[in-house]
Structure formats: structure tokens, C-alpha cells
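# Chain and residue survey
Listed here are the chains, written in short residue letters.
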Amino acid sequence: MKRKLGALEKVEADLPNLQAKIKRDPPSYKEDFTNQYQQYHSFLTLFLQAPTSSDAQGIVSLRDLIDFIAHVAECYPTICADFPSDLINLLSKHHAELDPELRDKIVGSLVLLRRKEIIDSTRLLTTLLPLLVETPSKTLRTLLFQKIVSDLRTTNAKAINHKLNRTIQTALHNLITSDPASSKGLWAVKITRELWRRQVWSDAKAVDVMKEAALAQNDKVVVGGVRFFLGGDQEREEIADEDSDNEAIDMSQIRHQQGINKKTKKRAAEFKKAAATVKRKERKKNAPHPLNFSALHLLHDPQGFVEKLFQQHLHTSTPKAKLNLEQRLLVLQLVSRLVGLHKLTLIQLYSYVQKYLTPRQPSVTSFLASLAQATHNLVPPDVLEPLVQKIANEFVSEAAAGEVASAGLNAIREICVRQPLAMNETLLQDLITYRKSKDKGVMMAAKGLLGLYREVAAEMLKKRDRGKNAAIAVQRGERQEQRFGEVEEGQIEGIEMLEAWKEEQRQKKGLGSDEEDEEAEGWNNWDVEDDDSDDSGGWINVSDDGEDIDISDSDDEGPTKKQKTEKAERTDKDGEEEFKHKLATSRILTPADLAKLQELRTSAAITKAMPGRSQRQKNQQAAAARHADDPLTAAEIEGLASLSKGTTKEEKIALAKGDREQKHTSTTAMRKEKKVQEGKSTTNKEKARKKNFLMTLGKAKHKGKRSLVEQKKILQGHISRQKRGGRRGNRS
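Presented here is an overview of the structure given in this document. In this text the structure is predicted, and so the values were computed from the model without any measurement.

### Observations regarding the overall build of the protein
A count of helices and strands for the protein gives 35 helices and 0 strands. Taking all 732 residues of the protein together, the buried fraction comes to 35%. Counting every atom, the protein has about 45,800 Å² of accessible surface; 49% of that belongs to carbon and sulfur.

What follows is the structure, given as C-alpha cells:
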């Protein structure tokens, strides 16, 4: 017996050697492999008879044999046909009793068999996924989660494996819906969120899995699903590699258009920073992810999802998932964000939020932000007006603290940005008087509200509050009263700038310049070599004066008297509107027009980003540029108060500096720093400046007492040293 055991140990010691030989020449070592495979079966049979009472020597031998067979199984597919099934049965039935090292080795062997394509991903993942949910071992759960995510990423690396993805997504969906009150669905949330973050899954089926998680009855699963919708796209955007900045923008042309007269380093740095900001925004705008495939947009039936979410977790007095205040706030943020983004109708949401609108409510700024997010132009004004009135009564008063009043005014402004009709004239006049407050946060918030209504409804303000531009617009009748449910027509961004530029060019050339010549000139540089059109008719000239075509029997008949009268009675407003939209509705934009339009957009964006503009204008631009998918945070409602919370003086200074890395240094200091970087020393004059004054006093006195003969000798010596290359004659 001892002799047999010693022989067995010797064979096991030679397994790595035998493995290398088999890979080089499988047919020659087939008999040796068969012997090892029979030993593996013997150890496996003994282990299955008593899994809990197996000795350590037998477990080690079984582990080594499993590792050996997994590495060479592709060389003998007929002999190893049942090997994957043996490992799957052993792991599925006895994962709780297995030795940790043996269990990890079985998992690793199955993954190795998957890489060698002996088993497919579907069989591997359908084996590991139930174990991930059932096993009590934390280390095994970590290992299985890592292997599942890694295999899905590898399988979808070259091309999307729709069949495998559907199988796993269905399994995760059933894991949540089969037992909504169980915490097992948390693993479905973790796997889906990780794959979404890595952009492996980006379809509606993955979003549907997280939708079921948000509607579950376990608090951890609910919070995981809600956080996915609130932050999943941001995580995906952060992990994605930024593309290189390849945008072709003629910076010299834009610099010339800005009219920079005096070139300074400060101005150049400001221009460089503004141009980088515009490029970054353009790159983010043109990027295909994440907003084009946002989870919030891929939701099927968002109205039904919002109603279920609100009724199940917020509105009911006995929720199935017991959520605390912070968790309910997360659900409320998701509900309000979906209502605002998809312009849904959920009238009971506003009455629910109304009871929390008091300064004594914990996290009240989050409730205010949620209310503003849930506001859009299709919400009836009579629903929002009581809420705005309550915010004004509770937050905005002379007795309220500055932080409270500024938060209330900011919240009212954010609501009115989305639905200006929620405000009445009396309340508006009362609120804008706080622009004279001594508190800076309150003053800025009130000015922001005033600036908003100067743009959207100047007629609600008194004449002295309208400002110059708004007063002129109201006087001319250029501002129309906004009506409930009215939607503006879609227009080409920046088309009015292109039309103004064209009108300027016409005036330079003369009032009689022909538009058709300009259009033909715009097509001159267009490459038409690939145009295979067989049409022989050419272009058809059409009238672009905006008038209807008059069909008459007489060729000599001119415009009728009625047409002349109608043309003469056009108002200035109609004329201006026709002037702006004529280019987009009556002519085809040439490639030259499109290039110039992009140039004008870039130039205008850089001008807005340059310093020198008021803070109110910058805030208005930031609010206008906010994307519909961007959330409204509690910090934006708090305003300046959020900057002073728990921050030291150094942190405030660093925040004020922002991302400015350059610091002011003198020219001498810059030269000195450059010399230090090049490894050069300073001159004797620079060293003399650092000497004590008393050390240089004697030399200075002696220098002043030199005679003309001594001075001549010193100068001649200086000239001779220069000729011979220094004191030591270093020059060759």
C-alpha cells in the first residue's frame, strides 16, 4: 500500500512535466493521459461517497488532477467528453461542503474550458449565476461575480452576442420578479449596473431589469435600481475614454474676429481657456453616448413606470418596501426627473411635495429641487401657483435667514424657468424688491428672477424694472404673451447670425447684388465628381421673395392692387421675422453657408465664454445651456450658501481661483527658473545682489577711487581676456 502511495505521489509530481509533453505531442502520450484520467475518476468517486469526510491528501490529489485535465482537455475531446458535466454537477450540488481551494479550482477550470471553447458561455453563466445567489461564502460570491462580468465583457468585445445577452438578462429579470421581497435581486442590480457602466449592455432590456428592481419590495434592491437611473449614465460617461481633440477650428480667424487690439499674456490665456471650453462642449455635444442612449430615454412606458413608482413607494401610507427619508428622496428625485424629462402628467405629485415645503423640513432643498425638476410647460399653472405662493410665504421674508430666502428665491426661479405662467404679477413685484437686499445670495437670487422675466414676460414688470432692451421690445410689440401649452417652432441654431452676416456682405457689395450669384458662388467649391445623377434638366429657378405665385391669363399683368396693399401694411415685426427665417425657408444652404454658420456659432460661443461678462449673464447662459437630462441638485437651490457650508478660508480661496493654474511671476523670476531647469548657474552680478551690503562696501569704495590709468588697465585686461577666450583661455 505504501509502495502504491509513493508511486502515486511521484506521478502527481510529474503532472506539470506530462502536461507540457502532451501539448507538444498528444498522440504519443495518450496512454499516460488515460491513466491519469482513470485516477481522477477514482478520486472523484471516493469524494462523492463522503464529501465531508474526505482526507486532505485525497482533496489535494483531486484538485491537481482537475487542473491537469482542464489544461489538456482539448487534446483528447473524446476521453474528456464528460469532464465539464462532472465539474458542473460537483460544484452545483456540493459547493457548500467543498474545500475553498478545491472549489476555486473547479470554478477556474470551468472558465478555462470556456476559453478553450469546450463549453459555451451560456452553459458557464447559467451554472455560475445560481451559485452566486445561493452560496453563503463571501469569497466565492466575489469570485463568481468577477468571472461572470469578465466572461460577458469578453464575449461582447468583438461583436454583440444578442442571444447570450438575452438569456442572461431574462435570468436576471426573473431573479427580481420571482421574489420581489428577497434581497437576491441585488445581484441582478450589481451585474446589470457594472455591465452598463462598461458599455457592454446598452439596450432597453437591461433598463427593463433595473426598472423591475426599482419596483421591488426590498429596500436595498429598490435603492440600487433608483440609483442606476439617477447616476448610471454619469458613471458610464466618466469611465469612457475621451476622444482626442481633432476639431478643425481656425483659431487665428476667430481671434481676428474678436478684435483683440493689444496682445497680452493674460488675454492670450483667457482666449485659450475659452476656446478649450467651446471645443470640449462641442465634443461632448457630438459624442454618441451617453445621452443618446440614456437609461431614462430607453424606458418603455415611462408614464406607467412613474405612476407605479409613486404609488408604491411614496403616496401609499403602508409601503411594501420600508424606506427611510433619504431613500424616499432618491425615489422622489427619480420620479420628478422622469416627469420633467418626458413631460408626464402626475398631478398628485405636486400636492405630495407641498406638505414638505417648510424650512424646518430636513433636506428641504432636495424637495425644492425635485419640485423644480417635475415642472414643465405642460403642467397647469393653477397647480403650480399655490406651491410658488407657499414657498414665498415660508422662505422669503425679511425675518428669514439669508440662506433660507436665497434658497426660496432660487427654487421659485427654477420653477418659473420651466413654467413662467406659475407666477402672478403681485407676487413677482414683491419678490424682485429683494434685489436690494444686503445679503449677497438673496440679492443675486432676486436679480436672477428679475432677469428671467425680462426675457420671458416683461409685460408683467413695471416700466422701471423692465430694463432697456425689454422695454423697447414691449413698446414695439415684439414680445408676445405666452400661452399655456404653446411650443416654439424648431429653428436652425444660429441662422439669424448667418443672415445678418449675409446682409452685411450685401451692403458692402452694394444694394443691387444678386442672391442667385451668391448661391452659385457658394457651390463653386463643392466637390461634385461623385455625383452620378442622370438628370439633364439642371436647376429650376424659383422665386425667393416670399410671395405667392400669381397665375393669370395675361403675361403683362403686374401685381394686383390688393397684393400691393397687403405688402405695404406689413408690420415691422413681421418684416423682421421674415428677414430671419427667409434664409432657412426659401433657399438651400450651400456647403459654404454651413461652414460659415459653424464658424459664427463657434465665434459666438467663445465670446460668451470670455471674461468680462456680468455674473447674471453667465448664470443665464448656464441655465439656458443645461441639457434636459442634467439633474437639478440641492446645491444649485442653495446657491451661495452651499459654498460657505463647512469650508475653510483656504478652500474658499481655492474655489474662487477655480482651475487657474498660472500664477503671476516676474520676468526675472521666469528667467531664473529657466536657467535652473537648464542646469545653468547665475551671473556674478546676480550673486552680488544677494550679498550683504557691508561685504560689498569696500569694493564699491575702491572702485570709486580708481585713477584713469588704473581704469585703462582694467579695460585693456577685459578686452584681452575676451580675445583669448576668458581668464583661462578656454576657446580653441
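Additional details are given in the paragraphs that follow.
### Focus on a positive patch on the surface
On the surface, Lys685, Arg689, Lys691, Lys699 and Lys703 cluster together into a patch of positive charge. Relative to the elements of secondary structure, Lys685 occurs in helix H33 (residues 684–690). On the basis of relative accessible area, Lys685 is assigned to the exposed category, the value being 65%.

### Considerations on helix H3 (residues 30–49)
Taking 1.5 Å per residue as the helical rise, H3 with its 20 residues ought to reach 28 Å, and the 29 Å between its terminal C-alpha atoms agrees with that figure. Phe33, Gln36, Tyr37, Tyr40, Phe43, Leu44 and Phe47 are the residues of H3 that are buried. Buried residues of H3, seen end-on, are gathered within an arc of 125 degrees and therefore sit on one face of the element. Residues of H3 that are exposed and point more than 90 degrees away from the buried face comprise Glu31, Leu46 and Gln49.

### With respect to the environment of Ala96
Tracing the sequence through the fold places Ala96 in the loop between helix H5 (83–94) and helix H6 (100–115). A relative accessible area of 52% means that Ala96 is categorised as exposed. Residues Ala96 and Glu134, 38 residues apart in the sequence, show an inter-C-alpha distance of 9.4 Å.

### Comments concerning the nonpolar core
In a soluble, globular protein the nonpolar side chains are often hidden away together inside. Counting residues in each nonpolar core, the largest one holds 144 residues, and the members touching the most others are Phe83, Phe229, Met423 and Tyr453. No other element matches helix H16 (residues 325–342), which puts 9 residues into this core. Apart from residues lying up to four places away in sequence, Tyr453 is in contact with Cys416, Pro420, Met423, Leu428, Ala458, Met460 and Leu461. The next biggest cluster of nonpolar side chains, apart from the first, holds 5 residues, and it includes Ile495, Leu498, Leu597 and Leu600.

### Overview of the packing of helix H15 (residues 302–315) against H16
Between two packed helices, both the angle of their axes relative to each other and the distance between the axes serve to describe the pair. Closest axis-to-axis distance for the H15/H16 pair is 10 Å, and the angle between their directions is 155 degrees. Comparing their axes, H16 and H15 come out roughly antiparallel. Seen along the crossing, H15 lies across H16 with a hand that is left-handed. Contact residues: H15 offers Pro302, Phe305, Val306, Leu309, Phe310, His313 and Leu314, while H16 offers Arg328, Val331, Leu332, Leu334, Val335, Leu338, Val339 and His342. Tallied by class, residues from the contact of H15 with H16 come to 12 nonpolar, 2 polar and 1 charged.

### Here we look at the environment of Val133
Mapping Val133 onto the fold places it in helix H7 (residues 121–134). Sequence separation of Val133 and Leu186 is 53 residues, and the distance between their C-alpha atoms is 9.2 Å.

### Quick word on the pattern of salt bridges
Under the criterion given, the structure shown has 14 salt bridges. Two residues, Glu499 and Arg506, come together in a salt bridge whose shortest N-O distance is 3.8 Å. Like Glu499, the residue Arg506 is buried in the burial classification. The partner of Lys502 in a salt bridge is Asp593, with the nearest N and O atoms 3.1 Å apart. Residue Lys502 is found in helix H24 (residues 495–509), and its partner Asp593 is found in helix H28 (residues 591–609); the two are separated by 91 residues along the sequence. The exposure class of Lys502 is buried, given its relative accessible area of 5%.

### What about the packing of aromatic side chains?
Under the counting rule described, the total for this entry stands at 12 aromatic pairs. Between the aromatic rings of Phe145 and Trp187, the centroid separation amounts to 6.1 Å while the plane-to-plane angle is 50 degrees, which identifies the pairing as tilted. Pair noted here: Phe145 is in helix H8 (residues 138–155) and Trp187 is in helix H10 (residues 185–197), with a separation of 42 residues, a long-range link. On the numbers, 4.5 Å between centres and 10 degrees between planes, the contact of Tyr356 with Phe367 is stacked. Of the two residues, Tyr356 is situated in the loop between helix H17 (347–354) and helix H18 (364–373) and Phe367 in helix H18; the sequence distance between them amounts to 11 residues. Residue classification places Phe367 among the buried residues on the basis of a relative accessible area of 2%. Taken together through their ring pairs, the aromatic side chains of Phe33, Tyr37, Tyr40, Phe68, Tyr76 and Phe83 make up a single cluster.

### Examining the packing of H15 against H17
Between H15 and H17, the least distance of the axes is 11 Å, while the angle of their chain directions is 25 degrees. With respect to H17, the element H15 is oriented roughly parallel. Our pair here, H15 against H17, has a crossing hand that is left-handed. Contacts between H15 and H17 involve Phe310, Gln311, Leu314 and His315 from the first element and Gln348, Leu349 and Tyr352 from the second. Of the residues assigned to the contact of H15 with H17, the class counts are 4 nonpolar, 3 polar and no charged.

Criteria and cut-off values
Residues numbered from 1 in each chain as written. Predicted model: local features only at pLDDT ≥ 70, side-chain atom pairs only at ≥ 80, totals over all residues. Heavy atoms only, no water. Helix = DSSP H or I, 4+ residues; strand = E, 2+ residues; numbered from the N terminus. Buried < 20%, exposed > 50% of the residue type's maximum accessible area, 1.4 Å probe, protein only. Areas by Shrake-Rupley, 256 points an atom, 1.4 Å probe, with all protein chains shown as cover. Patch = residues over 30% accessible without salt bridge, like charges linked within 9 Å, V, L, I, M, F, W, Y side chains within 5 Å. Salt bridge = Lys/Arg side-chain N within 4 Å of Asp/Glu carboxyl O. Lys, Arg positive; Asp, Glu negative; His and termini not counted. Charge placed at Lys NZ, Arg CZ, Asp CG, Glu CD. Expected span 1.5 Å × (residues − 1). Arc of directions from axis to C-beta. Core = buried A, V, L, I, M, F, W, Y, C linked by side-chain atoms within 4.5 Å. Contact = heavy atoms within 4.5 Å. Axes fitted to C-alpha atoms, helices over the stretch in contact; angles between N-to-C directions. Parallel < 35°, antiparallel > 145°, perpendicular 65-115°, else oblique. Left-handed = near helix turned anticlockwise from the far one by under 90°. Nonpolar A, V, L, I, M, F, W, Y, C, P; charged D, E, K, R; others polar. Phe/Tyr/Trp six-rings, centres within 6.5 Å; stacked < 30°, edge-to-face > 60°.

By themselves, these observations are geometric and do not establish any function.
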